Amino acid sequence: MSRTVRKFSTKNWFFKVLAAVLPGALLVCALMGLVGVLCHTDGSPRSASGQYLMWMGALLWSALLSVCFLFRSGVQAWGVLIVANGVVWGLFVVLRSVLS
């Protein structure tokens, strides 16, 4: 069985970055909400947990903007990030309804 190996390329860089910006921002918001629900944060930006969530969001989104180039194509980046959004937002809604 011969298997062709696709190498990483910067061919679809615009669609990869666009995937990191649009669904990536939604994913980071979902992760911030999930951590906020688990930590019982009240949402005040002056609290330590609120500051942690704000800085965590910036760190995660910048990491996601860097990692988006590891996808083999823009379509794969969009697909993975949309599925991840569905999973994390679903988990957020379930945990919020259970823990609130």
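Bear in mind the structure is a predicted one, so any value in this text is a computation, not a measurement.

Caption draft 1: Spatial organisation of a nonpolar patch on the surface. Taken together, Trp 13, Phe 14, Phe 15 and Phe 69 make up a surface patch of nonpolar side chains, about 450 Å² in accessible area. Considering the arrangement of structural elements, one finds Phe 14 in helix 1 (residues 13-38).

Caption draft 2: Broad picture of unusual backbone geometry. Residue His 40 is not a glycine yet carries a positive backbone phi of 55°. Tracing the chain through its elements places His 40 in the loop between helix 1 and helix 2 (48-67).

Caption draft 3: Expanded view of helix 2. Taking 1.5 Å of rise per residue, the 20 residues of helix 2 would be expected to cover 28 Å, and the 28 Å separating its terminal C-alpha atoms lies within 8% of that figure. Listed in full, the buried residues belonging to helix 2 are Gly 50, Leu 53, Met 56, Gly 57 and Leu 64. Buried residues of helix 2, viewed axially, fall in a sector of 115°; they line one side. Turned more than 90 degrees off the buried face of helix 2, the exposed positions are Ala 48, Tyr 52, Trp 55, Leu 59 and Ser 66. In this structure, the buried side of helix 2 is in contact with helix 1 and helix 3 (74-99).

What counts and how
Residues numbered from 1 in each chain as written. Predicted model: local features only at pLDDT ≥ 70, side-chain atom pairs only at ≥ 80, totals over all residues. Heavy atoms only, no water. Patch = residues over 30% accessible without salt bridge, like charges linked within 9 Å, V, L, I, M, F, W, Y side chains within 5 Å. Areas by Shrake-Rupley, 256 points an atom, 1.4 Å probe, with all protein chains shown as cover. Salt bridge = Lys/Arg side-chain N within 4 Å of Asp/Glu carboxyl O. Helix = DSSP H or I, 4+ residues; strand = E, 2+ residues; numbered from the N terminus. Expected span 1.5 Å × (residues − 1). Buried < 20%, exposed > 50% of the residue type's maximum accessible area, 1.4 Å probe, protein only. Arc of directions from axis to C-beta. Contact = heavy atoms within 4.5 Å.

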